[in-house]
Structure formats: structure tokens, C-alpha cells
Amino acid sequence: MLPERAEIVVIGGGIVGVTIAHELARRGEDVVVLEKRFIGSGSTFRCGTGIRQQFNDEANVKVMKRSVELWKKYSEEYNFSFEQTGYLFLLYDDKEVEEFKRNIKIQNKFGVPTRLITPEEAKEIVPLLDISEVIAASWNPTDGKADPFASTTAFALKAKEYGAKLLEYTEVKGFIIEDGEIKGIKTNRGVIKTGIVVNATNAWAKLINAMAGIKVHIPIEPYKHQAVITQPIKRGTIRPMIISFKYGHAYLTQTSHGGIIGGVGYEIGPTYDLTPTYEFLREVSYYFTKIIPALKDLLILRTWAGYYAKTPDSNPAIGKINELSDYYIAAGFSGHGFMMAPAVAEMVADLITKGKTDLPVDWYDPYRFERGELRSTALQMG
Ligand SMILES: Cc1cc2nc3c(=O)[nH]c(=O)nc-3n(C[C@H](O)[C@H](O)[C@H](O)COP(=O)(O)OP(=O)(O)OC[C@H]3O[C@@H](n4cnc5c(N)ncnc54)[C@H](O)[C@@H]3O)c2cc1C
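Computed from a prediction, not measured in an experiment: that's the story for all the values here.

Asks: Which residues make up the pattern of salt bridges, and what are the values?
Replies: Scanning the entire structure with this criterion turns up 21 salt bridges. A salt bridge links Arg 66 to Glu 346, with the nearest nitrogen and oxygen atoms 2.8 Å apart. Taken together, the positions of Arg 66 in helix 2 (residues 58-78) and Glu 346 in helix 8 (residues 337-354) put the pair 280 residues apart, joining distant regions of the chain. For Arg 66, a relative accessible area of 26% puts it in the partly exposed group. In this structure, the salt-bridge partner of Asp 313 is Arg 368, at a minimum N-O distance of 2.8 Å. Placement of Asp 313 in the loop between strand 18 (300-310) and strand 19 (317-321) and of Arg 368 in helix 9 (residues 368-371) is noted, with a sequence separation of 55 residues between them. Neither Asp 313 nor Arg 368 differs from the other in exposure class; each is buried.

Written out as C-alpha cells, the structure is:
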């Protein structure tokens, strides 16, 4: 049964919607999540597991530092897998090294302990690496990876324990608005009365904005990104997330189940199509085996696709939309929304319950596109 009313309605039951509901419920708020399919069924369960603080601007570094603290706290409290096995960026020329030296400076300034290391040190961390062309690497041992299924489910169960209602197969179809105020939401299962809405639908965010009659221009488009998983191998063979911009913008690591997971930069879109392609299979095989030649002997079990919900500067839109009270957006994560979710939840819950937050939410101002104030492009992977 659809509840008759809720103080706050979160639209979208991915990691972002679920962690927002978790944070609000933990603070004693009356919150309902509306999810058109099942929890995690959007991009979240299709993601690559990676959680990093190695960004190239102050806001993302600070937000991700907080996010990692929360990943650590909640994985211990709720007993799901989050491993701080590091992120290793392989660098192949002076230009790349200079760029990463700049990034490391920003990261160190805000307490993220990234270091530039030698190819030999990188090989100590991942003995199977081919370092013949690598000249340095950017290494932060406190980055990591978490299981999207286990973590999202753990947050969802706890949110329910705190009193949140998570309604699956409940699709938002429209809004009831009177004099610029939200009165309720129309769904395929009837109407729910509410005054506060959070749009956490990522790749579908523009459709929800249109339903709400939002006029401000928030460009978020769905792009198809693909991923691969191999047969499982001995645990601990590849501990960190390995990144190589030279070889196809590839990222790869080993999951807690033992398979090698990852993807490349190959992007198709804007599109809502999710069929995996043969071209991706060829590219990913070529690039991965350049980075770690021993992967040639592994069987690929499966490829699949999901959305990167992209904005022009690869930063999400997070904040309150003033033309409609009370409407918030947290969407457009451009391929790094899984890692950001716990800190985003804190920011959005702060905005709703206190009207402000200590985290640098202004960086993600949804009005920046309309004002023509794009941010420096966030480091996007894959
Ligand atoms: C191949 C791949 C690899 C990735 N790797 C990483 C990674 O390593 N690290 C990382 O941080 N991120 C990664 N990402 C990105 C990450 O998956 C997303 O940024 C993140 O999952 C976004 O979460 P979300 O909750 O905002 O969106 P979603 O998980 O997409 O959730 C949105 C939800 O809204 C629901 N919805 C839509 N319309 C409606 C409606 N009308 N009514 C009700 N519900 C609706 C959808 O069903 C969906 O469940 C990757 C993505 C892909 C595709």
C-alpha cells in the first residue's frame, strides 16, 4: 500500500536515493523512497565498485574524503565489504606526471595521502603489472572499493529499521503543484501527499524535472558505458583499482568474489539503450592485456552496460531548486556517483534539515549551467 502522505519523498532507489533516505531516517525524518523497478536496478548494481579521493579540485577531494570516512564507518557498523586497497594511476609521459603532481598537491593539502611512486614500487603493489612503458604512478592507499549490491542493500535495510519506507515497482508519473508548492506526487499506484521532494534518478533526472515543470536548464544526459567480469582468480592478485588513461581510459580491479571487473572509456550516446557491444569486448580485451599481460589467460564471463548520467563538466547537480518549494536534486554523477553517495546523502540531509551544510555543496550548484559557470572538469574514469 502506498502511504497517504510523507514528509519527504525521495524519487529513485539507487545508492544515492537509498543513502539519502538512510541519512534522513537516521535523523528521525519521515521519508519514503519511490523506485520504479527494484532497489539498485539503475546504474548502481551495474557499477565498477571504485571509491577514490584522487580528484583534481578542492571540492571533490573534500567531499570524497568525507565519503571515505562514511564508507569506513558504515561498512564496519553494517558489516558489508569495503576494502581500502588503494587506487593506482599508471603514468606514461611527462605531461601526465605534471598533471598528477598538481592533483597530488591539492589532495595532500586536504589530507588525502597520495604519493607519486616509481614503476618498481607500483610493481610491488601489483606484481603482474607490465611496467615497461610506465614512468611513474599516483598512489593513494586509502582509496578502495565496495560491493554495490551488499552496500546498497545494507543501507536500504538500515533505512527501513530507522523507519523509512522503500517502495519498489512504484513509478513517479507526475506532480501535483499549487501556486509553486508541491502538494503531492502521482504514481502508477496512486497519489502520495508530500511537500518535500528529492530527485535522485540520475540518468532519468531530466524526465522528473520536466514532470515537475522545472524551467532552469540542468543538462544531464544518459551515456552507455560497459563493463566486463572475468572468471574468479586467487583472491588478492589485484588489490587496488588500476587506471591507465594511455590504454583506453581503462580501470580494472579484482572484486571480493575474485573476478576481474572493469571497463574502458568507450562511450555511446546520449542513449537509453543498454545492449553491450562487440567493439567494447575487443577494446577492453586489448587494453586490459596491455596493462596486465597475464589476463590473456583468463576467461571473460560476462559484459553488461549501464548509464553514466553526464553533465558538461562531469560534476553532479546537487541542491535546492528555488522555483518550486521544496524541490531538491542530486543527479548527474557522470560515472562517479557510487563513491560519492554517503557524502551526498549528508549534504542533502543537511540542506533539508538545517538549510546549510559544512561540505562544499556550492561546487555542485544546479544553476551553474544556466549561469555559464562550468566547473573544472571532474576527473572522470572509464
Ligand atoms: C559500467 C559502469 C561503471 C561504473 N563504475 C563506477 C565506479 O567504479 N565508481 C563509482 O562511484 N561510480 C561508478 N559508476 C557510476 C555509478 O554507477 C552511478 O553514478 C551511481 O550508481 C548513481 O546512483 P544513483 O542512485 O544516482 O542512480 P541509479 O542507481 O541509476 O538510480 C536511479 C533510480 O531511479 C529510478 N527511477 C528512474 N525514473 C523513475 C521514476 N519515474 N519513478 C521512480 N523511480 C525512477 C531508477 O529505476 C533507478 O533505480 C559506474 C557506472 C557504470 C555504468
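Asks: Describe empty space enclosed by the protein, with residues and values.
Replies: Summed over the entire model, instances satisfying the criterion amount to 1 cavity of 30 Å³ or more. Of the pockets and cavities examined, the largest cavity occupies roughly 40 Å³. If you go around the largest cavity, the residues you meet are Thr 19, His 22, Glu 23, Leu 70, Tyr 74, Phe 155, Pro 342 and Ala 345. Classifying every residue of the lining of the largest cavity gives 5 nonpolar, 2 polar and 1 charged.

Asks: Tell me about the nonpolar core, and please be specific about residues and values.
Replies: With 70 residues, the main nonpolar core has Val 16, Ile 20, Ile 51, Trp 71, Phe 89, Ile 318 and Val 344 as its most contacted residues. Looking at this core, you find at least three residues from each of domain 1 (1-84 + 143-219 + 312-381) and domain 2 (85-142 + 221-310). Contacts of Phe 89, omitting those with residues within four sequence positions, involve Arg 52, Gln 54, Phe 100, Ala 136, Ala 137, Ser 138, Ile 243, Phe 245, Leu 379 and Met 381. Residues Ala 6, Ile 192, Val 197 and Ala 203 belong to the second largest nonpolar core, which totals 31 residues.

Asks: An account of the site of the ligand is requested, with residue identities and associated values reported.
Replies: Around the ligand, a shell composed of 38 residues is seen, among which Glu 35, Ser 43, Thr 44, Gly 48 and Met 339 lie nearest. One nitrogen or oxygen atom from the main chain of Lys 36 is found 3.0 Å from a nitrogen atom belonging to the ligand. A distance of 2.5 Å is found between an oxygen atom of the ligand and a side-chain nitrogen or oxygen belonging to Thr 44. For the ligand, whose accessible area on its own is 1,000 Å², the fraction buried by protein is 98%. Of all the secondary-structure elements, those providing two or more residues to the shell around the ligand are helix 1 (15-26), strand 14 (221-230), strand 18 and helix 8. Considering only residue class, the shell around the ligand consists of 16 nonpolar, 18 polar and 4 charged.

Asks: Describe the packing of helix 1 against helix 2, with residues and values.
Replies: With their axes 15 Å apart at the nearest point, helix 1 and helix 2 run at an angle of 75° to one another. The orientation of helix 1 with respect to helix 2, classified from their angle, is roughly perpendicular. Contacts from Ile 15, His 22, Glu 23 and Arg 26 of helix 1 reach helix 2 at Trp 71, Tyr 74 and Tyr 78.

Asks: Break down helix 1 for me, with residues and values.
Replies: Here helix 1 contains 12 residues, and its C-alpha end-to-end distance of 16 Å stays within 8% of the 16 Å for a straight helix at 1.5 Å per residue. Extensive coverage of helix 1 is indicated by the burial of 11 of its 12 residues. For helix 1, the full list of buried residues reads Ile 15, Val 16, Gly 17, Val 18, Thr 19, Ile 20, Ala 21, His 22, Glu 23, Leu 24 and Ala 25. Phi turns positive, to about 90°, at Gly 28, one or two residues after helix 1.

What counts as what
- Residues numbered from 1 in each chain as written.
- Predicted model: local features only at pLDDT ≥ 70, side-chain atom pairs only at ≥ 80, totals over all residues.
- Heavy atoms only, no water.
- Salt bridge = Lys/Arg side-chain N within 4 Å of Asp/Glu carboxyl O.
- Helix = DSSP H or I, 4+ residues; strand = E, 2+ residues; numbered from the N terminus.
- Buried < 20%, exposed > 50% of the residue type's maximum accessible area, 1.4 Å probe, protein only.
- 1 Å grid on protein atoms, 1.4 Å probe; cavity = no way out; pocket = protein on both sides within 12 Å on 5 of 7 lines; lining within 4 Å.
- Points joined across faces, edges and corners; volume = space filled by probe spheres on them.
- Nonpolar A, V, L, I, M, F, W, Y, C, P; charged D, E, K, R; others polar.
- Core = buried A, V, L, I, M, F, W, Y, C linked by side-chain atoms within 4.5 Å.
- Domains from an automatic or database assignment.
- Contact = heavy atoms within 4.5 Å.
- Near = heavy atom within 4 Å.
- Polar contact = N/O pair within 3.5 Å; in protein donor to acceptor, adjacent residues only side chain to side chain.
- Areas by Shrake-Rupley, 256 points an atom, 1.4 Å probe, with all protein chains shown as cover.
- Axes fitted to C-alpha atoms, helices over the stretch in contact; angles between N-to-C directions.
- Parallel < 35°, antiparallel > 145°, perpendicular 65-115°, else oblique.
- Expected span 1.5 Å × (residues − 1).

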